[in-house]
Amino acid sequence: KINIVYGGNVSEAQDLLALVKILDRDLFMENMIHLTIMGEGQQLLSIDKYIKKNNLHHISLYPAQDRYTYLSFLSKSDIGLISLNKKLLSHNYPLKMLGYMQLGKPIIAYSIQVAKECGCFDKVIVSTDDQEIADISKQYGADVPFLRPSDLSDDYCGTTDVIKHAIEFLQENNVGTMLALRNI
């Protein structure tokens with residue numbers, strides 16, 4: 001089985017319920033994929049109800065975890081997903097993800113650093129539509145093998161389509177274990 005771990009906000013913007021429904025529709029997926037979702041958010045209850053109603057055993061929910069517990073889950077995963085959204089709440093600050101600074105580094109630099117240091121992944125791959133984010137990601141050691149198409153980069157695109165695009169690209173190019181850092 002492919003073990004996918006998601007950690008982060010579980011709200012409408014991430015649209016993880018759509019991913020859960022896709023995994024439910026395809027019996028092949030039930031035998032091939034296990035999805036673990038860790039986090040808090042407004043969509044968590046809906047996902048939990050859907051999982052229970054449809055008796056899905058290949059999807060697990062956990063509340064937000066501390067860094068070490070999360071890294072432990074990631075170390076056992078084949079695909080780790082982190083959702084970083086640069087535009088979710090404030091359209092007044094484009095590229096706010098790069099603007100938020102902690103000790104002089106963009107937030108994405110810390111995500112890349114943690115992913116690289118945990119030793120769980122062959123490569124750290126960033127999916128973005130923005131060349132500046134791609135350049136900074138490369139500067140901190142991530143691979144950016146593609147820029148995401150504009151139809152997967154607007155305010156209405158959900159996480160599921162972005163993840164699907166990245167996975168399809170990576171499968172076509174024989175990339176092993178991955179950590180996808182997402183920004184819309």
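Residues numbered from 1 in each chain as written. Predicted model: local features only at pLDDT ≥ 70, side-chain atom pairs only at ≥ 80, totals over all residues. Heavy atoms only, no water.

### Examining the overall build of the protein
- The secondary structure content of the protein amounts to eight helices and eight strands.
- The burial tally for the protein puts 47% of its 184 residues in the buried class.
- Summarising the internal contacts of the protein: among those between residues at least 6 apart in sequence, 71% fall at separations of at least 24.
- When the accessible surface of the protein is totalled, it reaches about 9,600 Å², and 52% of it is carbon and sulfur. (Helix = DSSP H or I, 4+ residues; strand = E, 2+ residues; numbered from the N terminus. Buried < 20%, exposed > 50% of the residue type's maximum accessible area, 1.4 Å probe, protein only. Contact = heavy atoms within 4.5 Å. Areas by Shrake-Rupley, 256 points an atom, 1.4 Å probe, with all protein chains shown as cover.)

### Describing the pairing of strand β1 (residues 2–7)
- The buried fraction of β1 amounts to five of the six residues, a majority that puts the element mostly inside the structure.
- Note that β1 and strand β2 (residues 33–38) share six bridges and pair parallel. Bridging from a neighbouring strand, V5 pairs with T36 of β2. (Pairing = 2+ DSSP bridges.)

### Quick word on the pattern of salt bridges
- Considering all chains together, one arrives at one salt bridge under this definition.
- Taking the shortest distance from any N to any O, the salt bridge between D48 and K52 comes out at 3.1 Å. Highlighted residues: D48 and K52, both in helix α3 (residues 44–53), separated by four residues, approximately one helical turn. (Salt bridge = Lys/Arg side-chain N within 4 Å of Asp/Glu carboxyl O.)

### Section: the packing of helix α1 (residues 16–25) against α3
- Two elements in contact, α1 and α3, have axes whose closest approach is 9 Å; the angle formed by their N-to-C orientations is 15°. Considering the angle they form, α1 stands roughly parallel to α3. When the axes of α1 and α3 are compared, the crossing they make is right-handed. Contact residues: α1 offers L16, L17, V20, K21 and D24, while α3 offers S46, I47, Y50 and I51. (Axes fitted to C-alpha atoms, helices over the stretch in contact; angles between N-to-C directions. Parallel < 35°, antiparallel > 145°, perpendicular 65-115°, else oblique. Left-handed = near helix turned anticlockwise from the far one by under 90°.)

### Side note on the nonpolar core
- Ranked by size, the top nonpolar core spans 21 residues in total, and within it V10, L16, V20, L35, I37, I47 and I59 carry the most contacts.
- For this core, the secondary structure elements donating two or more residues are β1, α1, β2, α3, β4 (79–83) and α8 (159–172).
- Per element, the largest residue contribution to this core is five residues, and it comes from α1. (Core = buried A, V, L, I, M, F, W, Y, C linked by side-chain atoms within 4.5 Å.)

### Regarding α8
- For α8, spanning 14 residues, the distance from its first C-alpha to its last is 20 Å, which sits close to the expected 20 Å at 1.5 Å a residue.
- Taken as a whole, α8 has its buried residues at T159, T160, V162, I163, A166, I167 and L170. All buried residues of α8 fall inside an arc of 160° around its axis, so they share one side. (Expected span 1.5 Å × (residues − 1). Arc of directions from axis to C-beta.)

### Some words on the packing of aromatic side chains
- Under the defined criterion, the tally for this structure stands at two aromatic pairs.
- On the basis of an interplanar angle of 55° and a centroid distance of 4.6 Å, the ring pair of F146 and F169 is categorised as tilted. With F146 in the loop between α7 (131–139) and α8 and F169 in helix α8, this pair connects stretches of sequence that are 23 residues apart. (Phe/Tyr/Trp six-rings, centres within 6.5 Å; stacked < 30°, edge-to-face > 60°.)

### Observations concerning the confidence of the model for the protein
- Here the protein averages 75 in pLDDT, and 78% of its residues register 70 or above.
- In the model, residues 85–103 has pLDDT below 50 throughout and makes 43 contacts with residues more than four positions away in sequence or in other chains. (pLDDT = per-residue confidence, 0-100.)

### Comments concerning the pairing of β2
- Burial within β2 is extensive, with six of its six residues counted as buried.
- Burial along β2 is two-sided: the face carrying I33, L35 and I37 and the face carrying H34, T36 and M38 are both buried.
- Bridge analysis of β2 against strand β3 (residues 59–62) gives four bridges, and the strand direction is parallel. From the neighbouring strand, I37 faces β3, where its bridge partner is L61.

### Here we look at α1
- For α1, the set of buried residues is L16, L17, L19, V20 and L23. Down the axis of α1, the sector holding all buried residues measures 160°, keeping them to one side.

### A short note on the side chain of T128
- Of note, T128 is situated in the loop between β7 (125–127) and α7.
- Looking at T128, the relative accessible area reads 0%, which means it is buried.
- Side-chain polar atoms of T128 contact the backbone nitrogen of D130, separated by 3.1 Å. (Polar contact = N/O pair within 3.5 Å; in protein donor to acceptor, adjacent residues only side chain to side chain.)

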